[in-house]
Amino acid sequence: MTNAFMGLELNQSDLRGAAVLVHPGPDSEVLVGQRRTVLLLGIHSAELMLGLSAASTFSQAERAIAQARALMLIDGINPALPSDGLGVVLGYLN
């Protein structure tokens, strides 16, 4: 759970919405621990998409991502994701 979570326990509605998967490459020091993938959940999807629609509204996307209600840390190698640089994938959890 993140600071944006307001409740006692997570339920399905807290996880529903846009999701952002962030996966660092092998030489990246962006996230703690090598090969750790972070999945941010429960993002307000309309705000995120509006923020990504133009460079002038990107701060709105940043705010939406910062308000993710939960995150999941995944350790290990995921061969489906980029092996160099930083991989970012947007999705939706219904």
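Just above, that's the structure.
Let me sum up the structure you'll find in this document.

1. Brief notes about the nonpolar core
Buried together is how nonpolar side chains tend to be arranged in soluble globular proteins.
Item 1. Counting 10 residues, the largest nonpolar core is built from A18, V20, V22, V38, L40, I43, L48, A61, A64 and A68.
Item 2. If you list the elements that add at least two residues to this core, you get β1 (17-24), β2 (36-43) and α3 (58-66).
Item 3. Of all hydrophobic cores here, the second largest spans five residues; its members include L21, L39, L41 and A70.

2. Comments concerning the pattern of salt bridges
Item 1. Scanning the model with the defined rule gives one salt bridge in all.
Item 2. Here E47 makes a salt bridge to R63, at a shortest N to O gap of 3.0 Å. In this pair, E47 is assigned in helix α2 (residues 45-52) and R63 in helix α3, connecting sequence segments 16 residues apart.

3. A word on a nonpolar patch on the surface
Item 1. Taken together, M49, L52, F58, L86, V88 and L90 make up a surface patch of nonpolar side chains, about 540 Å² in accessible area.
Item 2. Contributions of two or more residues to the nonpolar patch are made by α2 and β4 (86-93).
Item 3. Per-element tally for the nonpolar patch: the top contributor is β4, with three residues.
Item 4. Topologically, L52 is positioned in helix α2.

4. Structural notes on the packing of α2 against α3
Item 1. Contact pair α2 / α3: the axes reach a minimum separation of 6 Å and the direction vectors enclose 150°. Considered as vectors, α2 and α3 are oriented roughly antiparallel to each other. Seen along the crossing, α2 lies across α3 with a hand that is left-handed. Residues E47, L48, L50, G51 and L52 of α2 form the contact with α3, whose own contacting residues are F58, Q60, A61, R63, A64 and I65.

5. Overview of the pairing of β1
Side chains on a regular strand alternate between the two faces of the sheet.
Item 1. Along β1, eight of the eight residues are buried, which leaves the element largely enclosed by surrounding structure.
Item 2. Sheet topology places β1 next to β4; eight bridges connect them, and they run antiparallel. Bridging across to β4, V20 finds its partner in L90.
Item 3. The pairing of β1 with β2 spans four bridges and is antiparallel.

Calculation criteria
Residues numbered from 1 in each chain as written. Predicted model: local features only at pLDDT ≥ 70, side-chain atom pairs only at ≥ 80, totals over all residues. Heavy atoms only, no water. Core = buried A, V, L, I, M, F, W, Y, C linked by side-chain atoms within 4.5 Å. Buried < 20%, exposed > 50% of the residue type's maximum accessible area, 1.4 Å probe, protein only. Helix = DSSP H or I, 4+ residues; strand = E, 2+ residues; numbered from the N terminus. Salt bridge = Lys/Arg side-chain N within 4 Å of Asp/Glu carboxyl O. Patch = residues over 30% accessible without salt bridge, like charges linked within 9 Å, V, L, I, M, F, W, Y side chains within 5 Å. Areas by Shrake-Rupley, 256 points an atom, 1.4 Å probe, with all protein chains shown as cover. Axes fitted to C-alpha atoms, helices over the stretch in contact; angles between N-to-C directions. Parallel < 35°, antiparallel > 145°, perpendicular 65-115°, else oblique. Left-handed = near helix turned anticlockwise from the far one by under 90°. Contact = heavy atoms within 4.5 Å. Pairing = 2+ DSSP bridges.

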